[in-house]
Amino acid sequence: MLHFYKEDNYNLEFCVTHEVHSQFMNIFKDCNPLHSNIAFAREKGFKSEVMHGNILNGFVSYFIGECLPIKNVIIHSQEIVYKNAVYLDDLLSFDAVVTETFDSVNAVEFKFNFKNAESKVVAKGKIQIGILT
Amino acid sequence: MQRLDILKEVNDIFIDVLDDESIVLSEQTTAADVDGWDSLTHIQLIVAIEKKFKLRFTSKDIQSWKDVKEMIDCIVTK
């Protein structure tokens, strides 16, 4: 498919900054103590407040909307599995690869993962996009 | 794979994609006969069928289908 070929890969870096975290809570009102109370998070076995998993979906959205070779794209479906906690100011490397293209319906599938600075996978998933004609 | 087996596999894909256990396709079924078979779900159906049968259609293929029979004919010839 024009613009997308199997095994094309993309690499980006993201950081869950204080601004990202606080804006997410301001907008979506999920202030669960796991995300906002260090004592609570530690009591549950985490080293600090756990960042919302859906912040990573926002990064995926940025990747699809802003980082592909073309802008006429739409997300058809997205799956994500969280493997390890993400903490404030974690620097995440994002890797995505084209796994399948479906020329008949102008669709492309990617697999992706986020790794933290210790190279631990914190989340992985799959996205299918459509190319708008 | 026999046509009937293909029809059953395609039926299962329709049930899964359209979240409708009541779907029973026949070779005469058209998009107008299936609730929810619209342009968006059509993409998901085609992607799922291509994955399941490990084949690729062309846009010309899918535009020519008038009913499930023609879809199955196309799967058989791939």
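Residues numbered from 1 in each chain as written. Chains lettered and ligands numbered in written order. Predicted model: local features only at pLDDT ≥ 70, side-chain atom pairs only at ≥ 80, totals over all residues. Heavy atoms only, no water.

A. Here's a closer look at the confidence of the model for chain B. Mean pLDDT for chain B: 95, with 100% of residues reaching 70 or above. With pTM at 0.89, the complex prediction returns an ipTM value of 0.84. (pLDDT = per-residue confidence, 0-100.)

B. Summary view of the pattern of salt bridges. Under the definition given, this model contains 11 salt bridges over all chains. Between R56 of chain B and E100 of chain A there is a salt bridge, with its nearest N and O atoms 2.4 Å apart. One end of the pair, R56 of chain B, is in the loop between α2 (39-53) and α3 (59-64); the other, E100 of chain A, is in strand β3 (residues 91-102), on a second chain. The partner of R56 of chain B in a salt bridge is E50 of chain B, and the shortest N-O contact between them spans 3.5 Å. Under the relative-accessibility criterion, R56 of chain B is labelled partly exposed at 32%. Connected via shared salt-bridge partners are R3, E27, K69 and D73 of chain B. (Salt bridge = Lys/Arg side-chain N within 4 Å of Asp/Glu carboxyl O. Helix = DSSP H or I, 4+ residues; strand = E, 2+ residues; numbered from the N terminus. Buried < 20%, exposed > 50% of the residue type's maximum accessible area, 1.4 Å probe, protein only.)

C. Inspection of the side chain of H21 of chain A at higher detail. You can see H21 of chain A is positioned in helix α1 (residues 18-28). The contacts of H21 of chain A, once residues within four sequence positions are left out, are H35, M51, H52, I55 and L88 of chain A. (Contact = heavy atoms within 4.5 Å.)

D. Examining unusual backbone geometry more closely. Phi is positive for N106 of chain A, which is not a glycine, with a value near 55°. Along the polypeptide, N106 of chain A turns up in the loop between β3 and β4 (107-115). Backbone geometry at D19 of chain B places phi at a positive 50°, although glycine is not the residue there. By the element assignment, D19 of chain B lies in the loop between α1 (3-18) and α2. Assessed through its relative accessible area of 70%, D19 of chain B is described here as exposed.

E. Up close: the state of the cysteines. Per the counting criterion, the structure on display carries zero disulfides over all chains. With no disulfide of its own, C31 of chain A lies closest to C15 of chain A among cysteine sulfurs, the gap being 20 Å. (Disulfide = S-S within 2.5 Å.)

F. Molecular detail of the interface of chain A and chain B. Contacts between the two partners involve 10 residues from chain A and, on the opposite side, 12 residues from chain B. Buried surface at the junction of chain A and chain B, summed over both partners, amounts to about 920 Å²; 55% is from carbon and sulfur atoms. Of all residues in chain A, F102, S104 and V105 of chain A bury the most surface against chain B, accounting for 56% of the area lost on that side. Summed over the shared surface of chain A and chain B, the result is five residue pairs in polar contact (both at pLDDT 80 or more). Of all the elements in the fold, those that place two or more residues in the side of chain A that touches chain B are β3, β4 and β5 (121-131) of chain A. Per-element tally for the side of chain A that touches chain B: the top contributor is β3 of chain A, with three residues. Class assignment for the residues of the side of chain A that touches chain B results in three nonpolar, four polar and three charged. (Buried area = accessible area lost by both parts, 1.4 Å probe. Polar contact = N/O pair within 3.5 Å; in protein donor to acceptor, adjacent residues only side chain to side chain. Nonpolar A, V, L, I, M, F, W, Y, C, P; charged D, E, K, R; others polar.)

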